[in-house]
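Residue strings, one per chain:
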Amino acid sequence: MAENNETQAAPAKKGKLNLIIMLVVVVILAIVLSVVGTLWFLGGGLPGMGDDSGEGQEVAEETFTPSNYHVLDKAVVTTVQAEGRQRYGQVHLALESGSPQALEAAMLHMPLIRSQLVMVLGSSDFNNLQTPEGRQALADRMLATVNQVLEQEGEAPIKRVLFTNFVVQ
C-alpha cells in the first residue's frame, strides 16, 4: 500500500480568507458606529427615533415681519453725572417696532417720551456710559421708559431703542 506523503495546503488559505473577512467586517462596523455616534451627539438623536408625542401637532410657520424704524429728528442732550465736573451727553435715537401703528403712537406722544428720555440720560453715570455694557444698559432703560409711556397711553410697545450717534464728554 502506498503512503500519502502530501501535505494539505488548502486549510491555510481558508484561514487567511476568514481573517480578511473578519477585518473587513470590523472596519465597516467601526465606521457605522462612528457615524451613528456623531449623529447622536451632534443632532440630538437619530433620524426616525424621536419623541412620538408631537406627531399629531402641526408646527406653526413663523412668518417674517419686517421691522419699522423712526429716527428722532433732534438729539437728546443733557448733563450727565460725573465726579465733580459737569459732563454732557448727546444721543441720537431711532425707535424700532414690528408695526407702523406703534411708531405712529410713539410719534403722537413724542414730547412726553423725549422728556422721560432726557431724565433717563441725565440720571446716568458718566463712567458707566464709557463702557459698552453701560451703553446697552442705558438703551434698555430707555426702552423700558418709552414702553412705560406708551403703556400708560394705551398704545402698543416698541421693540428696541437704537443709538444712531452717541457722545459723552
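All of the points below concern the structure found in this document.

Rules used in this analysis
Residues numbered from 1 in each chain as written. Predicted model: local features only at pLDDT ≥ 70, side-chain atom pairs only at ≥ 80, totals over all residues. Heavy atoms only, no water. Helix = DSSP H or I, 4+ residues; strand = E, 2+ residues; numbered from the N terminus. Buried < 20%, exposed > 50% of the residue type's maximum accessible area, 1.4 Å probe, protein only. Polar contact = N/O pair within 3.5 Å; in protein donor to acceptor, adjacent residues only side chain to side chain. Salt bridge = Lys/Arg side-chain N within 4 Å of Asp/Glu carboxyl O. Pairing = 2+ DSSP bridges. Core = buried A, V, L, I, M, F, W, Y, C linked by side-chain atoms within 4.5 Å. Patch = residues over 30% accessible without salt bridge, like charges linked within 9 Å, V, L, I, M, F, W, Y side chains within 5 Å. Areas by Shrake-Rupley, 256 points an atom, 1.4 Å probe, with all protein chains shown as cover. Phe/Tyr/Trp six-rings, centres within 6.5 Å; stacked < 30°, edge-to-face > 60°. Axes fitted to C-alpha atoms, helices over the stretch in contact; angles between N-to-C directions. Parallel < 35°, antiparallel > 145°, perpendicular 65-115°, else oblique. Contact = heavy atoms within 4.5 Å. Nonpolar A, V, L, I, M, F, W, Y, C, P; charged D, E, K, R; others polar.

Here we come to the side chain of Thr-145. Position of Thr-145 among the secondary structure elements: in helix 4 (residues 132–152). Residue class for Thr-145 comes out buried when judged on its relative accessible area of 12%. Separated by 2.8 Å, the side chain of Thr-145 and the backbone oxygen of Arg-141 make a polar contact.

To continue, consider the pattern of salt bridges. Taken as a whole, this structure holds 1 salt bridge when the rule is applied. The salt bridge involving Arg-160 is made with Glu-96; its shortest N-O contact spans 2.6 Å. With Arg-160 in strand 4 (residues 160–168) and Glu-96 in strand 3 (residues 87–97), this residue pair connects regions lying 64 residues apart in the sequence. The exposure class of Arg-160 is partly exposed, given its relative accessible area of 43%.

Before going further, it helps to spend a moment on the pairing of strand 3. Along strand 3, 8 of the 11 residues are buried, which leaves the element largely enclosed by surrounding structure. Sheet topology note: the strand 1 (residues 68–71)/strand 3 ladder contains 4 bridges and is antiparallel. By the bridge assignment for strand 3, Val-71 is matched with Ala-94. Sheet topology places strand 2 (residues 76–80) next to strand 3; 5 bridges connect them, and they run antiparallel. By the bridge assignment, Thr-78 is partnered in strand 3 with Gly-89.

Right, let's get into the nonpolar core. Of all hydrophobic cores here, the largest spans 27 residues; its most connected members are Leu-93, Leu-95, Ile-113, Met-142, Ile-158 and Val-161. Those elements that place two or more of their residues in this core are strand 2, strand 3, helix 2 (100–108), helix 3 (110–122), helix 4 and strand 4. Looking at this core, the element that brings in the most residues is helix 4, giving 6 residues.

So, about a nonpolar patch on the surface. The grouping of Ile-20, Val-24, Ile-28, Val-32 and Val-36 at the surface amounts to a nonpolar patch, some 410 Å² of accessible area in total. Within the secondary structure, Val-24 is located in helix 1 (residues 10–43).

Our focus in this paragraph is the packing of aromatic side chains. This model, assessed by the stated rule, comprises 1 aromatic pair. Judged by centre distance (5.1 Å) and plane angle (45 degrees), the ring pair of Phe-163 and Phe-166 falls under tilted. You can call Phe-163 partly exposed: its relative accessible area is 26%.

The contact between helix 2 and helix 3 brings their axes to 5 Å, and the two run at 75 degrees. Put simply, helix 2 runs roughly perpendicular to helix 3. Across from Ala-106, Met-107 and Leu-108 in helix 2, the residues of helix 3 making contact are Met-110, Pro-111 and Ile-113. When its residues are assigned to classes, the contact of helix 2 with helix 3 shows 6 nonpolar, no polar and no charged.

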